Amino acid sequence: MSRKATITQKEIVNAAFKITKKEGYEAITSRKLAAAAGCSTQPIFRIYDNMDGLKEDVFNKASLFYEDYYASYPKNNSTPFVDLGMAYIEFAQKYPNLFRLLFLSGNNDEEKSMYALVNGGQEYVVKEVDRARSQGVKEPEQLFMKMWIFIHGSGCMAVTGDYDLSHDDSIGLLEAAYQSFK
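The name an unreviewed UniProt entry assigns to the chain is Transcriptional regulator, TetR family, from the organism Butyrivibrio fibrisolvens.

**Q** Which residues make up the nonpolar core, and what values do they have?
**A** Counting residues in hydrophobic clusters, the biggest one holds 57 residues, and the most contacted among them are Leu33, Leu54, Phe81, Phe91 and Phe103. Ranked by residues supplied to this core, first place goes to helix 5 (residues 82–94) with eight residues. Here this core spans two domains, since at least three of its residues come from each of domain 1 (1–58) and domain 2 (73–181). Leaving out residues up to four positions away in the same chain, Leu33 has contacts with Ile12, Ala15, Ala16, Ile19, Ile28, Ile44 and Leu54.

**Q** Can you explain the pattern of salt bridges? Please cite residues and give values.
**A** For side chains of opposite charge, pairing can occur when their charged atoms come near one another. Throughout the structure, instances matching the rule amount to four salt bridges. Note that Arg131 is salt-bridged to Glu128, the shortest N-O span being 2.9 Å. Remark: Glu128 and Arg131 occur in helix 8 (residues 124–134); sequence separation between them is three residues, near one turn of the helix. With relative accessibility at 24%, the residue Arg131 sits in the partly exposed group. Arg133 serves as the salt-bridge partner of Asp130, at 3.0 Å between the closest nitrogen and oxygen. Note that Asp130 and Arg133 are positioned in helix 8 at a spacing of three residues, about one turn of the helix. Taking relative accessible area as the criterion, Arg133 reaches 38% and is therefore assigned partly exposed. Several salt bridges converge on common partners, so that one network encompasses Asp130, Arg133 and Glu141.

**Q** A description of the packing of aromatic side chains should follow, citing residues and the corresponding values.
**A** For the structure on display, the rule yields 19 aromatic pairs. Measuring from ring centre to ring centre gives 5.3 Å for Tyr69 and Phe91, while their planes differ by 65°; the resulting arrangement is edge-to-face. Of this pair, Tyr69 sits in helix 4 (residues 51–72) while Phe91 sits in helix 5, and the two are 22 residues apart along the sequence. With a relative accessible area of 11%, Tyr69 lands in the buried category. On the basis of relative accessible area, Phe91 is assigned to the buried category, the value being 0%. Ring centres 6.2 Å apart and planes at 75° place the aromatic pair Tyr115 and Phe144 in the edge-to-face group.

Reading the values: rules and limits
Residues numbered from 1 in each chain as written. Predicted model: local features only at pLDDT ≥ 70, side-chain atom pairs only at ≥ 80, totals over all residues. Heavy atoms only, no water. Core = buried A, V, L, I, M, F, W, Y, C linked by side-chain atoms within 4.5 Å. Buried < 20%, exposed > 50% of the residue type's maximum accessible area, 1.4 Å probe, protein only. Helix = DSSP H or I, 4+ residues; strand = E, 2+ residues; numbered from the N terminus. Domains from an automatic or database assignment. Contact = heavy atoms within 4.5 Å. Salt bridge = Lys/Arg side-chain N within 4 Å of Asp/Glu carboxyl O. Phe/Tyr/Trp six-rings, centres within 6.5 Å; stacked < 30°, edge-to-face > 60°.

The following block contains the structure:
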């Protein structure tokens, strides 16, 4: 009779997510993952044929983490796209390794695109576009694209440590960009 598996796929994904959050997905090795999950490498290879499946599961967990992060982010600004931008930039500052995985890993899958991740299941981008439209913006989708280029650039700068603006200065910059672009 074979031994009962004591480690689950969920536990392996959680351990891989913790490593990714702290060190980046590239830092995951089967040995490091086994140590973090409290098992040998055998259960990992029993559950995953290769690291691609694990990466997909970690990516999905990270995308849910980002969506939860945005859902709980305070939305206090009356200017469309500012709260969306602030959440994105602050996520990059707080979780640079997850940001890299989600927004800089070059996923071409439509379900994992940058837009799909930021829009989320609650259609956050669509709501911001509608909010801009209700404030009289004639081409809010084009405005979003301009704002998004600005926001994503700021997020990338945050990951590299080149973004040193305060919270209030960042809000002011996003508001000014919105006014300039509209």
